[in-house]
Amino acid sequence: MRLSSFITENLEELLVEWEAFALSLLAPGQKMTSLALRDHATQILLAIAEDIESNQSDLEQAYKSKGFVPIAEATRTAAMTHGALRHLAGFDLRQLAAEFRALRASVLRLWLKRGGDNGTAFYQMTRFNESIDQALAESIANYSDEVARSRDTFLAILGHDLRSPLAAIANSSLYLSSPGMLPAGASLDAVRRIGRSSAKMSSLIRDLLEYTRTRLGRGIPISPQASSMEQICRIALDEIRSAHPERIFRLETSGELRGHFDGERLQQVLSNLLENAVQHGARSEPITLRAYGEADKVTVQVRNHGRPIPPDQLQVIFDPLVQIPSAAAGEEEEAPGLGLGLYIAREIVQMHGGTMSAESSDRDGTVFSARLPRNQAVAAQGARP
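Computed from a prediction, not measured in an experiment: that's the story for all the values here. (Residues numbered from 1 in each chain as written. Predicted model: local features only at pLDDT ≥ 70, side-chain atom pairs only at ≥ 80, totals over all residues. Heavy atoms only, no water.)

For this particular structure, what's the right way to read the overall build of the protein chain?
A count of helical and extended segments in the protein chain gives 13 helices and 7 strands. Within the protein chain, buried positions represent 43% of all 385 residues. Within the protein chain, residue pairs in contact and separated by at least 24 positions form 74% of the contacts whose partners lie at least 6 positions apart. (Helix = DSSP H or I, 4+ residues; strand = E, 2+ residues; numbered from the N terminus. Buried < 20%, exposed > 50% of the residue type's maximum accessible area, 1.4 Å probe, protein only. Contact = heavy atoms within 4.5 Å.)

Right under this line is the structure:
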């Protein structure tokens, strides 16, 4: 059987192997549907089968081997789209290349196992390898474009988010420098603006430093000690209330909430989760912070109501530099943040030996849950700098 015919006639079997390998590449706890795992695999395989059977001159073969395959402007091949979607799903470049390496091995192994086509097997394998290499090159090129776009978006958002509080600080400083020119009470307002803007910039810089630390493989150091999760929650709630006095916040606690935690780091987790709820929740709905104790763990949840997060976005919501549009339906949307807050929150929870998850629906709203062992063997101890 010719290789192209084998591919088209055994497409489902090849797709099953593709899906199983893609599933093995996912991080623990990450979930993707069968459709997402197979993403554009059918179109890629059919395009390869068609390419194998197409006429090709020696010159065309030489050009293809050097990557000089013309692709029409504004055209997105199946492999290019696959590369972009794998970037969105959180795959790294090594995992993307591994998919094509595994696909190559699966197709050739199954084809040769069933007899292949001894007459022209070498030629067909050469053509197949050329097609696989071309598909891989297209995927990597588009993946790299998405990485560059994410970096540029990150820098643009960083510039925007730092510019706003800087402008508020500068303007407030001008007001305070000329107190005789201000009506009564204006100076106090300026002081408040400086405080809020400074806190915002401090949070952005802190997130950037924590993100850099994790990318360098150092992890986020924690120092657990006997603490009360209720007290940690109250401090975090007091801070968010002072920053957003117009919003409604509720605290619900139950069960035994004492354990060994790094209170300062967990306040950072709750601050990030509550800020996220403020940004994405409906302004007219309350934001609920709930903590409840069980036999061996303490669970903390932050819930807000608004337009639910789509499943594809929920899948990558903890990935760094992912920006989710505001879900406050019918209201003026704020610009998304750097996309680091949720990532850092998850990292801190994992350093405590816990897990972080997110759920979103029309009925129950959006809920982020941090489950922390009451007494854990810390994954990586370290003194806070």
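Picking up where we left off.
Would you mind showing me how to read the pairing of strand β4 (residues 287-293) here?
Here is the key point about a regular strand: its side chains alternate between the two faces of the sheet. Of all 7 residues in β4, 5 are buried; the element is thus mostly enclosed. In this sheet, β4 lies alongside strand β2 (residues 249-254) in parallel orientation, the contact comprising 6 bridges. Among the inter-strand pairings, F249 is bridged to a residue of β4, identified as I287. In this structure, β4 lies alongside strand β5 (residues 297-304), joined through 6 bridges in antiparallel fashion. Each residue of the ladder has a partner; that of G293, found in β5, is V298. As consecutive antiparallel partners, β4 and β5 are separated by 3 residues. (Pairing = 2+ DSSP bridges.)

Is there a simple way to explain the sheet that holds β5 in this structure?
Each strand in a sheet pairs with another by means of backbone hydrogen bonds, the pair being arranged parallel or else antiparallel. Within the open sheet, the 5 strands sit side by side as β2-β4-β5-β7-β6. Their pairing is mixed. The sheet terminates laterally at β2 and β6 (355-361), the two strands that pair on one side only. Here the average twist between neighbouring strands, direction ignored, is 15°. Docked against the sheet, helix α11 (residues 263-280) engages β2, β4, β5, β6 and β7 (365-373), running at close to 20° with respect to β5. (Axes fitted to C-alpha atoms, helices over the stretch in contact; angles between N-to-C directions.)

Looking at this structure, I do not really get the environment of E99. What am I missing?
Its place among the elements puts E99 in helix α7 (residues 93-113). Taking the relative accessible area as the measure of exposure, E99 reaches 3% and is therefore buried. Residues E99 and F21 lie 78 residues apart in sequence; the distance between their C-alpha atoms is 7.1 Å.

Whenever I open this one, the packing of aromatic side chains confuses me. Can you help?
Each aromatic ring pair is specified by the distance between its two centres and by the angle formed by the two planes. Under the definition given, this model contains 2 aromatic pairs. Ring geometry for W18 versus F100: centroids 6.1 Å apart, planes at 80°, classification edge-to-face. One end of the pair, W18, is in helix α2 (residues 11-24); the other, F100, is in helix α7, with 82 residues separating them in the sequence. Take W18 and F100: they sit in the same class, and that class is buried. A centroid spacing of 5.9 Å and a plane angle of 85° characterise the contact between F318 and F368, whose relative ring orientation is edge-to-face. With F318 in the loop between α12 (311-315) and α13 (341-351) and F368 in strand β7, the pair connects residues that are 50 residues apart, well separated along the chain. With relative accessibility at 9%, the residue F318 sits in the buried group. Residue F368 is classed as buried on the basis of its relative accessible area of 1%. Positioned above the aromatic ring of F91 is the side chain of R86, whose terminal nitrogen or guanidinium carbon lies 4.6 Å from the ring centre. (Phe/Tyr/Trp six-rings, centres within 6.5 Å; stacked < 30°, edge-to-face > 60°. Lys NZ or Arg CZ within 6 Å of the ring centre and 35° of its normal.)

I would appreciate a short explanation of α2 in the present structure.
For an α-helix, the turn length of 3.6 residues means that residues three or four places apart are oriented alike. For α2, which comprises 14 residues, the first-to-last C-alpha distance of 20 Å matches the rise-based estimate of 20 Å (1.5 Å per residue) to within 8%. Listed in full, the buried residues belonging to α2 are L11, L14, L15, W18, E19 and A22. Each buried residue of α2 sits inside an arc of 140° when the element is viewed along its axis, so together they form one side. Buried residues along α2 sit in contact with α1 (3-9), α3 (34-37), α4 (41-53), α6 (78-88) and α7. (Expected span 1.5 Å × (residues − 1). Arc of directions from axis to C-beta.)

For this particular structure, what's the right way to read the confidence of the model for the protein chain?
The share of residues in the protein chain with pLDDT of 70 or more is 76%, and the mean pLDDT across the chain is 79. In this model, residues 327-335 is a region of pLDDT below 50 whose contacts with residues beyond four sequence positions or in other chains number 19 contacts. Under a pLDDT of 50 for its full length, residues 378-385 has, in the predicted model, 20 contacts with residues more than four places off or in other chains. (pLDDT = per-residue confidence, 0-100.)

Mind showing me how you'd approach the side chain of S131 here?
The topology assignment puts S131 in helix α8 (residues 121-177). S131 sits in the buried class, given a relative accessible area of 5%. A distance of 2.5 Å separates the side chain of S131 from the side chain of D51, its partner in a polar contact. (Polar contact = N/O pair within 3.5 Å; in protein donor to acceptor, adjacent residues only side chain to side chain.)

I would appreciate a short explanation of the packing of α2 against α7 in the present structure.
A pair of packed helices is captured by two measures, namely the crossing angle of their axes and the spacing between those axes. Viewed as axis vectors pointing N to C, α2 and α7 meet at an angle of 145°, and their least axial separation amounts to 10 Å. Judged by the twist between their axes, the crossing of α2 over α7 is right-handed. Across from E13, L14, E17, W18, F21 and A22 in α2, the residues of α7 making contact are A98, E99, A102, L103, S106, V107, R109 and L110. Here the residues of the contact of α2 with α7 sort into 9 nonpolar, 1 polar and 4 charged. (Left-handed = near helix turned anticlockwise from the far one by under 90°. Nonpolar A, V, L, I, M, F, W, Y, C, P; charged D, E, K, R; others polar.)

How should I be thinking about the pattern of salt bridges in this particular structure?
Working definition: two side chains of opposite charge can pair if their charged atoms are close together. Per the stated rule, a full pass over the model turns up 13 salt bridges. One salt bridge connects D364 with R363, and the closest N-O pair in it is separated by 3.2 Å. A residue is classified by how much of its surface remains accessible, and R363, at 71% relative accessible area, is exposed. One salt-bridge network, held together by shared partners, links E12, E19 and R38. (Salt bridge = Lys/Arg side-chain N within 4 Å of Asp/Glu carboxyl O.)

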